[in-house]
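# Close look at the chain arrangement
Here's the letter readout for the chains.
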Amino acid sequence: MYFTDRGIEELVERRGDEQITVEWLAERLRDFVDLNPEFETPIERLATYLARLDDEDDD
């Protein structure tokens, strides 16, 4: 188990029944980066990954 799995598991346990919008998630990510600018690059990578998740491979 990765260390990050703990946070993901907590998220599922606390908010697993909630429905959210992508706009809500984007605002929370922006808030997080505003408070923790050292995480700008990982948050950018996560957002890009999520945005392109359904793209077909170019290979």
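That block above? That's the structure.
This section reports on the structure supplied with the text. (Residues numbered from 1 in each chain as written. Predicted model: local features only at pLDDT ≥ 70, side-chain atom pairs only at ≥ 80, totals over all residues. Heavy atoms only, no water.)

## Points about the packing of aromatic side chains
We apply this condition: Here the aromatic set is Phe, Tyr and Trp, taking the six-membered ring for Trp, and pairing holds for ring centres within 6.5 Å; pairs whose planes are under 30 degrees apart are stacked, those over 60 apart are edge-to-face, and all others are tilted. Here the term buried applies to any residue with accessible area under 20% of the maximum for its type, exposed to any over 50%, and partly exposed to those in between, with areas from a 1.4 Å probe on protein chains only.
If you walk through the whole model with that rule in mind, you get 1 aromatic pair. Centre to centre, the rings of F32 and F39 are 5.6 Å apart; their planes meet at 45°, and the pair counts as tilted. On the accessibility criterion, F32 (35% relative accessible area) is partly exposed. With relative accessibility at 37%, the residue F39 sits in the partly exposed group.

## Observations concerning a nonpolar patch on the surface
The condition is simple: Patch membership is restricted to residues that have no salt bridge and whose relative accessible area is over 30%. Joining uses 9 Å for like charges and 5 Å for the nonpolar side chains Val, Leu, Ile, Met, Phe, Trp and Tyr. Accessibility throughout is a Shrake-Rupley quantity obtained with a 1.4 Å probe, and a residue counts as covered only by protein chains that appear here. Only one rule defines a salt bridge in this text: a Lys or Arg side-chain nitrogen within 4 Å of an Asp or Glu carboxyl oxygen. Put simply, DSSP marks the helices as runs of H or I at least four residues long and the strands as runs of E at least two long, and each gets a number from the N terminus on.
On the surface, I20, W24, L25, L46, Y49, L50 and L53 cluster together into a nonpolar patch covering about 630 Å² of accessible area. The set of elements that each furnish at least two residues to the nonpolar patch consists of helix 2 (22-35) and helix 3 (40-51). The element best represented in the nonpolar patch is helix 3, accounting for 3 residues. Residue position: Y49 is located in helix 3.

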